[in-house]
Amino acid sequence: MPMHWLEPLVGLIEAGGPILVVIAGVAMLLFSVALERWWFFRFHYCPARRALVARWVARDERSSWSAMTLREVWANELVAGLCGPLPWLRLLVVICPLLGLLGTVTGMISVFDSLSVSEVNQARAMADGVARATLPTLSGMAVSVVGLLFITRLEHIIRREGQWLHDRLARAVEETHA
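Turning to the environment of Glu61, a few remarks are in order. By secondary structure assignment, the location of Glu61 is in the loop between helix 2 (18-58) and helix 3 (65-80). Of the polar contacts made by the side chain of Glu61, one reaches the backbone nitrogen of Ser63; its length is 3.2 Å.

In this section: helix 3. Here helix 3 spans 22 Å end to end across 16 residues, near enough to the 22 Å set by a 1.5 Å rise per residue. Inspection of helix 3 places Ala67, Arg71, Trp74, Ala75, Leu78 and Val79 among the buried residues, and these make up the whole buried set. For helix 3, the arc enclosing every buried residue in end-on projection is 125 degrees, short of the 170-degree limit, so these residues lie on one face. In helix 3, those exposed residues whose orientation departs by more than 90 degrees from the buried face are Trp65 and Glu77.

This part takes up the packing of helix 2 against helix 3. For the pair helix 2 and helix 3, interaxial distance at closest approach is 10 Å and the crossing angle is 175 degrees. The angle between helix 2 and helix 3 falls in the class roughly antiparallel. Residues Tyr45, Ala48, Arg49, Leu52, Arg55 and Trp56 of helix 2 form the contact with helix 3, whose participating residues are Ala67, Met68, Arg71, Trp74, Ala75, Leu78 and Val79. Each residue belonging to the contact of helix 2 with helix 3 can be placed in one class, and the counts come to 10 nonpolar, no polar and 3 charged.

Moving on: the packing of aromatic side chains. Here the distance between the centres and the angle between the planes together describe a pair of aromatic rings. In total, this model carries 5 aromatic pairs according to the counting rule given. Summarising the aromatic geometry, the rings of Trp38 and Phe43 are spaced 6.1 Å apart at their centres and angled 90 degrees between planes, so their arrangement reads as edge-to-face. Residue class for Phe43 comes out partly exposed when judged on its relative accessible area of 47%. Relative to Phe43, the ring of Trp39 lies with its centre 4.4 Å away and its plane at 45 degrees, an arrangement referred to as tilted. On the criterion of helical spacing, the pair formed by Trp39 and Phe43 is a turn pair, its members being 4 residues apart in helix 2. Grouping aromatic residues by their ring pairs yields a cluster made of Trp38, Trp39 and Phe43. One Lys or Arg, Arg37, reaches over the ring of Phe40 and ends 4.3 Å from the middle of that ring. When the ring centre of Trp164 is taken as reference, the NZ or CZ atom of Arg49 above it lies at 4.5 Å.

Cut-offs and rules
Residues numbered from 1 in each chain as written. Predicted model: local features only at pLDDT ≥ 70, side-chain atom pairs only at ≥ 80, totals over all residues. Heavy atoms only, no water. Helix = DSSP H or I, 4+ residues; strand = E, 2+ residues; numbered from the N terminus. Polar contact = N/O pair within 3.5 Å; in protein donor to acceptor, adjacent residues only side chain to side chain. Expected span 1.5 Å × (residues − 1). Buried < 20%, exposed > 50% of the residue type's maximum accessible area, 1.4 Å probe, protein only. Arc of directions from axis to C-beta. Axes fitted to C-alpha atoms, helices over the stretch in contact; angles between N-to-C directions. Parallel < 35°, antiparallel > 145°, perpendicular 65-115°, else oblique. Contact = heavy atoms within 4.5 Å. Nonpolar A, V, L, I, M, F, W, Y, C, P; charged D, E, K, R; others polar. Phe/Tyr/Trp six-rings, centres within 6.5 Å; stacked < 30°, edge-to-face > 60°. Lys NZ or Arg CZ within 6 Å of the ring centre and 35° of its normal.

Structure (structure tokens):
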């Protein structure tokens, strides 16, 4: 049974070279971590946040310095769980354009190498080779931009959740004193 659905993918890999496969692998890793962060936030962080608020409300003593310090530690530990893969995500975002540049340089080397071997000046072949050589750069930049958007959104969520959690825990103290 022929796999006709793979033909566009094979054509893209032939056009972009082996570096394009590496960029695709980095993109899959980047988007897998993005999916994992969504899963973590939805199914681990939100229940843990509710449990933390309930644990704080259930405490008898919430107004002393040690209780406030404990509240800060609990909140910071919970929010820190959201920050776990940020350094890795930033690394993957930085690697993508560099891999694209590597693909462009290796593609241009092969274009110039093939031109030096042939004795006929082939402008069309050179134009096709340059177009192929720039495909990895385009791919690397596209993956990097999407990854950067995800990182920015994740950092916004982390800041928002940290503030929300601290506010909610402080309100729990005020509600019990009223």
